[in-house]
Amino acid sequence: MKKLQQFALLTAVGLASNGASAQELNQADTAWMLTATALVLFMTIPGLSLFYSGLVRAKNVLSVLMQCFALTCLMSLLWFAVGYTIAFGSDGVEQGAFIGDFGNVFFASMTMDSLNGGIPSTLFAIFQMTFAIITPALIVGGFAERMRFSAMLMFSAIWLIVVYAPVCHWVWGGGWLGSMGLQDFAGGTVVHITAAVAALVAAVMMGPRRGFGTVAMPPHNLTLTVAGAGMLWVGWFGFNAGSAVAADNSAAMAMLVTHLSASAGSLAWMAMEWIRHGKPSVLGIVTGMVAGLGTITPASGSVGPAAAVVIGLTAGVVCYFATGWIKNKLKIDDSLDVFPVHGVGGILGTLLAGVFCSTQLGVFSGNGFSDGINSIGGQLVVQATGVVATFAYTAVVTWIILKVVDVMVGLRVDADEETQGLDLVLHDERGYDL
Amino acid sequence: MKMMTAIIKPFKLDDVREALQQVGIAGMTVEEVKGYGRQKGHTELYRGAEYLVEFQPKVKIQIAVSDSELDAAIEAVCNAAATGKIGDGKIFVAPLEEGIRIRTGETGEDAL
C-alpha cells in the first residue's frame, strides 16, 4: 500500500473509482492506458519528428528524423534496463527521496500478472517509457543542424539515466518533490523543463549554427511541420489524459483542459504576430499550439476548463515574447526554440497550476491544493521549489555530461561538414532527390 | 528575326500567353526565375527571426519572332502583363541569327 500512496497524485481519482479492490485488474483503465501509450509514442514518431524536420534546412532533414528515431529505440532499451527502476523502483519497497531502488533492473520484479494500481505493471512501465522517449527527443531541437550523431546518442543515453530518471523519481516515483505536494500531472517539470533546460545548455555550449543571425535559416518545409503539429496535438491527449492512469473523470477533465489550452495558445500566438507584424503565420499558430499544450501539461490534473483557457492564452503571449528575447536579444541559437516554448511554458504551467488548483476562484476554480497545503501561496512555494530544483539540477548535470561527451567524441561537426549538411556527411543520404 | 525576352509577374503568365496566341505567335519558352530591380525584396518572419528576401519571383518568357511580328508581340505582352504597379517587369529584344526546326531541318523564319 505504501506504493499506492506514492502514486496518489497520479491516480487519486482512479483509485477512488476502483474502490477497495485496487489490486484487481481494471479492464477499462487497462484499455485506456494501452491506447494512451500508443498515442504518446505517436507524438515522437512521427509527430515530433515531422514537426522538427520541417523546421530545419533541407540538407539536415534526415538528421533530425534519424535522431528522433534512434532515440526512440535507444531510450526504450535503456528505460527497460535501468531508467525505469531509477525512476519508479519496485513494488512494495520504500522509495528514497532521490532515486528508486534497483529491484526493477530489466523489469526484474515484474511478471505478466503483477499490477500497478488497476493496470498491469508492464503497462505502467511502457506508458512511462514513451515519456522517457519524447523527453530526450525534445532536446534535439536545441542542438539541431550541428551535433555529431555519435555525440548525440552518447549524451542522450547518459542524460536519460542521470537527469530524466532521477527527476521523474522526485516527482512521480515517490521522491521528495512529490512528497512535498508538487502538482505536476503530466510533466511540466519532469518532461518540459528538463528537456528545455538541456536544450538551452546544449545550444549555449555548442554555440550557434554557422551564419546564425546573418544568413537566413528559414524552415525548409512547413507542411511537414504542420502535419507533425497536428499529430502532436492528438498524441497529447494520451500524454495528459493518460497521466490519470485511469479511464475516469480525471482523465476526461485532463483531455478537455488540454484541448482548450492548445486552442487558446494557438490563437494567442497568431494574434500576437498579426498585431505586431501585420500577418498571422502558419508557423506562429502551430508554435502557439505547442506552447499551449506544454503549459497546460503540468496543470492538466489540477485546473478546470476556464482556467485552461487563461493558461493557454498566457502561454501563447509569454512564449511568443520569450522566443524573440532568446533569439534576438540573448543571441542564443536554440535552433528550434525548445527553451522559449517548452521551458518557459513548463515553468509557467507549473506555477499557474499552483494558482488555478484553488477551489476558491469561482469559474476559474480547480481541483484543490495538495494535502497539507491550504493557500495559493503555500502551493506556489512548492511549485516554485519544483521549478527551481528541476531547472538547477538539469542545467548543472547537462553541462557536465556535455563536457564529458565533448572530450570523448566531440560535440560538433566540422565547419565544412556543417555547411554541407548533416544528411550527407553523417548518413550518406539525401532527404530529397528531386 | 528577333529574340524577345520578357520578365513578367508570375500571375500574368496565362494572360500573356493568350495575348501572344491572339497575335499569331506560335511558341514560347517559360522559366521561373528570381531577381530584383526597382521592386525591392520582401521580409519573411519565422518565430521572431526576420529575413530579408532580396529576390522576387518572376516568370521569364523567351519568344523568337520575325521582324514583322515584333511590334505586335511587344504590344501584346505590354498590354497583358501590365498592372500599373511597380514590378510589372521588362522586355528585352535582341537580334537572332538563325533558327532551325529539328524535325524537318527548316531554317530561318520558316522554323518559327
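What you are looking at is a predicted structure, and each value in this text was computed from that prediction instead of being measured. (Residues numbered from 1 in each chain as written. Chains lettered and ligands numbered in written order. Predicted model: local features only at pLDDT ≥ 70, side-chain atom pairs only at ≥ 80, totals over all residues.)

*Asks:* Sorry, what's going on with the overall build of chain A here?
*Replies:* In terms of regular secondary structure, chain A is built from 16 helices and 2 strands. Relative to a compact globule of 434 residues, whose C-alpha radius of gyration would be 22 Å, chain A shows 21 Å and is just as compact. Its C-alpha atoms put chain A at 65 × 50 × 35 Å along the principal axes. Scored against the burial criterion, the 434 residues of chain A give a buried share of 59%. Pairs at least 24 apart in sequence give 78% of the contacts found in chain A among residues at least 6 apart. (Helix = DSSP H or I, 4+ residues; strand = E, 2+ residues; numbered from the N terminus. Rg over C-alpha atoms; globule rule 2.2 N^0.38 Å. Buried ≥ 20, exposed ≤ 12 C-beta atoms within 10 Å, placed from the backbone. Contact = placed C-beta atoms within 7 Å.)

*Asks:* I keep staring at the pairing of strand 5 (residues 56–65) of chain B and nothing clicks. Help me out?
*Replies:* Along a regular strand, successive side chains alternate from one face of the sheet to the other. All names here are of chain B. Relative to strand 5, strand 1 (residues 2–8) runs antiparallel, the two sharing 7 bridges. In the sheet register, M4 faces strand 5, and the bridge partner there is I63. In this structure, strand 2 (residues 29–35) lies alongside strand 5, joined through 7 bridges in antiparallel fashion. Within strand 5, the residue paired with T29 across the bridge is Q62. (Pairing = 2+ DSSP bridges.)

*Asks:* Would you explain the interface of chain A and chain B in this entry?
*Replies:* How big an interface is tends to be stated in terms of accessible area lost as the parts join. Contact residues are listed per partner, giving 12 residues for chain A and 7 residues for chain B. Here the side of chain A that touches chain B gets 4 residues from one element, more than from any other, and that element is helix 12 (residues 305–329) of chain A. Counted by class, the side of chain A that touches chain B contains 4 nonpolar, 6 polar and 2 charged residues. (Nonpolar A, V, L, I, M, F, W, Y, C, P; charged D, E, K, R; others polar.)

*Asks:* What is the right way to look at helix 2 (residues 70–81) of chain B in this model?
*Replies:* Residues spaced three or four apart along an α-helix point in a common direction, a consequence of the helix completing one turn every 3.6 residues. Residue and element names in this part refer to chain B. The end-to-end C-alpha separation of helix 2 is 16 Å, in line with the 16 Å expected for 12 residues at 1.5 Å each. Looking only at helix 2, the buried set comprises A73, A76, V77 and A81. Axial view of helix 2: buried residues confined to an arc of 105 degrees, hence all on one face. Opposite the packed face of helix 2, turned more than 90 degrees from it, sit the exposed residues D71, E75 and N79. Looking at the buried residues of helix 2, the elements they touch are strand 1, helix 1 (13–22), strand 5 and strand 6 (89–95). (Expected span 1.5 Å × (residues − 1). Arc of directions from axis to C-beta.)

*Asks:* Can you walk me through the confidence of the model for chain B in this structure?
*Replies:* Note: predicted coordinates in regions of low pLDDT should not be interpreted at a detailed level. Of the residues in chain B, 100% reach a pLDDT of 70 or more, and the chain-wide mean stands at 92. For this predicted complex, the interface score ipTM comes out at 0.70, alongside a pTM of 0.86. (pLDDT = per-residue confidence, 0-100.)

*Asks:* Explanation requested: the environment of A:G421 in the structure shown.
*Replies:* All names here are of chain A. With respect to the helices, strands and loops of the structure, G421 is situated in the loop between helix 15 (415–420) and helix 16 (422–427). Residue class for G421 comes out buried when judged on the 22 C-beta atoms lying within 10 Å of it. Sequence separation between G421 and R146 is 275 residues, and the spatial gap between their C-alpha atoms is 8.5 Å. For G421, the contacting residues outside a window of four places in its chain are K59 and N60.

*Asks:* Can you help me understand the environment of A:A229 in this one?
*Replies:* All names here are of chain A. Here A229 shows up in helix 9 (residues 222–241). Owing to 26 C-beta atoms within 10 Å, A229 belongs among the buried residues under this scheme. Residues A229 and L380 lie 151 residues apart in sequence; the distance between their C-alpha atoms is 31 Å. The contacts of A229, once residues within four sequence positions are left out, are F51, V286, M289 and V290.

*Asks:* Before we go on, may I ask you to explain the nonpolar core in this structure?
*Replies:* Grouped together as the largest cluster of nonpolar side chains are 139 residues, with contacts concentrated most on A:Y52 and A:A199. If sequence neighbours within four positions are ignored, A:A199 has contacts with A:I139, A:G141, A:G142, A:D334, A:V338 and A:F339. (Core = buried A, V, L, I, M, F, W, Y, C linked by C-beta atoms within 7 Å.)

*Asks:* What is the right way to read the sheet that holds strand 6 of chain B from this model?
*Replies:* Backbone-to-backbone hydrogen bonds pair the strands of a sheet. The strands run either parallel or antiparallel. Residues and elements named next belong to chain B. If you walk across this open sheet you meet the 4 strands as 2-5-1-6, and the pairing is antiparallel. On the outer flanks of this sheet lie strand 2 and strand 6, each paired with one strand and no other. In this sheet, adjacent strand axes meet at a mean angle of 20 degrees when their direction is disregarded. Alignment of strand 1 against strand 6, held across 7 bridges, turns out to be antiparallel. Residue pairing for strand 6: I7 is matched across the bridge by K90. Contacts from helix 1 reach strand 1, strand 2 and strand 5 within the one sheet, and its direction differs from that of strand 5 by about 10 degrees. Relative to the sheet, helix 2 contacts strand 1, strand 5 and strand 6, its axis offset from that of strand 1 by approximately 5 degrees. (Axes fitted to C-alpha atoms, helices over the stretch in contact; angles between N-to-C directions.)

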